[in-house]
Amino acid sequence: MIGLQQTERHYWLPAPDPETGVFARHAFHGRRWEGQPVDVAACGAEVAMASPSEMDWRTAPTCMACNEFLKSRQTAP
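If you're wondering where the values come from, they're calculated on a predicted model, not measured in any experiment.

It is worth spelling out the overall build of the protein at this point. In terms of regular secondary structure, the protein is built from two helices and four strands. Taken from the N to the C terminus, the helices and strands of the protein come in the order β-β-β-β-α-α. For the protein, with 77 residues in total, the buried portion stands at 22%. In the protein, the proportion of contacts linking residues at least 24 apart, taken out of those at least 6 apart, comes to 41%.

Here it is in structure tokens:
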């Protein structure tokens, strides 16, 4: 289609900060988590990956650096 902009897919997953252990929802490249033990988030943080609990989803704040990165890519020409 003319004018359709192709964008890279990202998914969100709560992951612990490697230094503090505090969870935050980070964005990762891809359609979904494929079971890898470690990945690099959109913000550049390398974090351990695991299946989050429902409580992790409810209580982990969104990583604002990941959010800003994705917003800036969305508005880029």
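Now, onward.
Moving on to the environment of Pro-61. By the element assignment, Pro-61 lies in the loop between helix H1 (54-59) and helix H2 (64-75). Between the C-alpha atoms of Pro-61 and Phe-23, which are 38 residues apart in sequence, the distance is 7.6 Å. Among all residues touching Pro-61, those that are not within four sequence positions of it are Phe-23, Ala-24 and Arg-25.

We now examine the pattern of salt bridges. Side-chain pairs of opposite charge can arise whenever the charged atoms involved come near each other. Under the criterion given, the structure shown has three salt bridges. Glu-34 is the salt-bridge partner of Arg-32, the closest N and O atoms lying 3.9 Å from each other. Like Arg-32, the residue Glu-34 is exposed in the burial classification.

Okay, the side chain of His-26 next. Mapped onto the elements, His-26 comes out in strand S2 (residues 23-29). Assessed through its relative accessible area of 7%, His-26 is described here as buried. If we ignore the near neighbours within four places in the chain, the residues touching His-26 are Tyr-11, Trp-12, Leu-13, Ala-15, Ala-41, Cys-43, Val-47, Cys-63 and Cys-66.

Attention now moves to the nonpolar core. If you look at the biggest cluster of nonpolar residues, it comprises eleven residues: Tyr-11, Leu-13, Ala-15, Ala-27, Phe-28, Ala-41, Val-47, Met-49, Cys-63, Cys-66 and Leu-70. If we skip the residues at most four places from it in the chain, Cys-66 touches Trp-12, His-26, Ala-27, Ala-41, Ala-42 and Cys-43.

Its location among the elements puts Asp-56 in helix H1. Buried Asp-56, no salt bridge; nearest opposite-charge side chain is Arg-25, N-O distance 10 Å. When near neighbours in sequence (up to four residues on either side) are disregarded, Asp-56 contacts Pro-14 and Phe-23.

Reading the values: rules and limits
- Residues numbered from 1 in each chain as written.
- Predicted model: local features only at pLDDT ≥ 70, side-chain atom pairs only at ≥ 80, totals over all residues.
- Heavy atoms only, no water.
- Helix = DSSP H or I, 4+ residues; strand = E, 2+ residues; numbered from the N terminus.
- Buried < 20%, exposed > 50% of the residue type's maximum accessible area, 1.4 Å probe, protein only.
- Contact = heavy atoms within 4.5 Å.
- Salt bridge = Lys/Arg side-chain N within 4 Å of Asp/Glu carboxyl O.
- Core = buried A, V, L, I, M, F, W, Y, C linked by side-chain atoms within 4.5 Å.
- Lys, Arg positive; Asp, Glu negative; His and termini not counted.

Just distances and angles here, no functional claims.
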